[in-house]
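Report on the structure
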Amino acid sequence: ELEAKYIRKMQALRDEMDLRRKTELHELEERKNTQISELMGNHEGAFGAIKNYYNDITAKNLTLINLLKEQVEDLKKKETVLEKEKAEVLLQNKELTGPLQETRELVAELQKKLVHYYRDKEALMNSKAHLKVTQKELKDLQWEHEVLEQRFSKVQAERDDLYQKFTRAINEVQQKTGFKNLLLERKLHGLLNLLEQKEVELSEVIATSSLGPSALSLVSHKLEDVLNSKNATIQDLQLQLARVCKAHNDMLQTFEAKLTAFGIPLDNLGFQPLSFPFPGQ
């Protein structure tokens, strides 16, 4: 009974364990199938992405290859054109060898001129700087010129006033001097005529009279005294005339010096001042 009991328990345990094993196997298979499905889905997605990626790369590469082929053909065409141009350029280079030498010589000459240009430019800058200084000096001089012009206008007005006064004084002095000289000359001529008349009368008196030697000597002495007095009067008048002429001439010299100092030419007076000769000239 115990053996049968344990056999039944063992059978039941086997059945239970077998059922559990089958259940776990079924669950394990389901998990495995789920994982396989997920892996296959993931692999298919990754494969599709890789396939698309490489398809895009392939398409791009094909497009790039076609483009590069076209560029190669274009480059070949350009190379052909460039070869032709190269031949033409070589021919032109041969033809331009002579002008190139001339151009090099011209460049050398221009470089020399450029050196001179830099020198001239530096000289010009120095001249401009000197010009600025000169312009400043010019402005200062213009300012001084304006000040001097104002002073000159003032001095010119004073000069014109002085000139008018001096001209009036000269005319008055000339009139007075001329009148006085005329009086002195008339008086001198009158005295000379009177002297000649007295000499004639004396000669007639001596000729008609029968005076003795002593009386004649006395009359001669008196006559000499009268003549000496008259000669002294004549010399005095001549000395006065000389003083007046000298004063007049000194005044004219002073007047001319003043006109020269004020920058007025003598021609602007409107008349020519006359200098009187000294007696005996």
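About the thresholds
All residue numbers refer to position in the chain's written sequence, counted from 1. Only residues with pLDDT of at least 70 are given local features in this predicted model, and only at 80 or more are side-chain atom pairs given and counted; all residues enter the totals for whole chains, interfaces and linings. Water and hydrogen atoms were dropped before computing side-chain values, which therefore reflect all heavy atoms in the structure. UniProt positions are given in the numbering used here, feature names are shortened, and annotations may be inferred rather than shown by experiment. Strands are runs of DSSP state E lasting at least 2 residues, helices are runs of H or I lasting at least 4, and numbering of each runs from the N terminus. Residue burial is assigned from relative accessible area. The probe radius is 1.4 Å, only protein chains are included, and a residue is buried under 20% of its type maximum, exposed over 50%, and partly exposed in between. By definition, residues are in contact when any of their heavy atoms lie within 4.5 Å. Confidence scores per residue from the predictor, reported as pLDDT, run from 0 to 100. Among the buried residues, those of types Ala, Val, Leu, Ile, Met, Phe, Trp, Tyr and Cys that are joined through side-chain atoms within 4.5 Å form a nonpolar core. Each patch is built from salt-bridge-free residues with over 30% relative accessible area, joining like charges within 9 Å and nonpolar side chains (Val, Leu, Ile, Met, Phe, Trp, Tyr) within 5 Å. Under the convention used here, a 1.4 Å probe and the Shrake-Rupley method define accessible areas, while residue burial counts only the protein chains that appear. Take a side-chain nitrogen of Lys or Arg and a carboxyl oxygen of Asp or Glu: if they are within 4 Å of each other, that pair is a salt bridge. Charged residues are defined here as Lys and Arg on the positive side and Asp and Glu on the negative side; His and the ends of the chain fall outside this count. Every charge is mapped onto a representative atom, which is NZ of Lys, CZ of Arg, CG of Asp or CD of Glu. Any two of the Phe, Tyr and Trp rings considered here, Trp counted by its six-membered ring, make a pair once their centres fall within 6.5 Å; the pair's planes then place it as stacked at under 30 degrees, edge-to-face at over 60, or tilted in between.

If you check an unreviewed UniProt entry, the protein chain appears there as Dynein regulatory complex subunit 4 from Daphoenositta chrysoptera. On record in UniProt, under Sequence similarities (unreviewed entry), the comment for the protein chain is "Belongs to the DRC4 family."

To continue, consider the overall build of the protein chain. Check the secondary structure of the protein chain and you find three helices and zero strands. Listing every helix and strand of the protein chain by position from the N terminus yields α-α-α. The 281 residues of the protein chain split such that 9% are buried. Of all intrachain contacts in the protein chain linking residues separated by at least 6 positions in sequence, the fraction that spans at least 24 positions is 83%.

This part is about the confidence of the model for the protein chain. For any part of a model where pLDDT is low, the fine detail of the predicted coordinates should not be relied upon. When pLDDT is averaged across the protein chain, the result is 79; 81% of the residues are at 70 or more. Mean pLDDT across the secondary structure elements of the protein chain bottoms out at helix α3 (residues 213-261), with 75, and peaks at helix α1 (residues 2-95), with 90.

Membership of the largest hydrophobic core is limited to five residues, which are Leu184, Leu191, Leu237, Leu241 and Cys245. Where this core is concerned, the elements lending two or more residues are α2 (97-208) and α3.

In this fold, leucine 241 is placed in helix α3. By relative accessible area, which is 10% here, leucine 241 ends up buried. Between the alpha carbons of leucine 241 and leucine 182 there is a distance of 9.9 Å; along the sequence they are 59 residues apart.

A surface patch of negative charge is lined by Glu24, Glu27, Glu29 and Glu30. As for its position among the elements, glutamate 27 is in helix α1. Residue class for glutamate 27 comes out partly exposed when judged on its relative accessible area of 38%.

For side chains bearing opposite charge, pairing can occur when the charged atoms are close. One pass over the structure, following the stated rule, counts six salt bridges. Between lysine 22 and aspartate 18 there is a salt bridge, with its nearest N and O atoms 3.6 Å apart. Of the two residues, lysine 22 and aspartate 18 both sit in helix α1, four residues apart, roughly one turn of that helix. Residue classification places aspartate 18 among the partly exposed residues on the basis of a relative accessible area of 26%. One salt bridge in this structure joins aspartate 140 and lysine 136, with 3.6 Å as the shortest N-O distance. Of this pair, aspartate 140 and lysine 136 both sit in helix α2, four residues apart, roughly one helical turn. Residue aspartate 140 is classed as partly exposed on the basis of its relative accessible area, which comes to 37%. Lysine 136 gets classed as exposed once you look at its relative accessible area, which sits at 55%.

For the structure shown, the criterion picks out two aromatic pairs. The interplanar angle of 75 degrees and the centroid separation of 5.3 Å between the aromatic rings of tyrosine 53 and tyrosine 54 together place this pair among those described as edge-to-face. An angle of 50 degrees between the planes, with centres 5.8 Å apart, marks the rings of tyrosine 117 and tyrosine 118 as tilted. Given the relative accessible area of 45%, tyrosine 117 is considered partly exposed.

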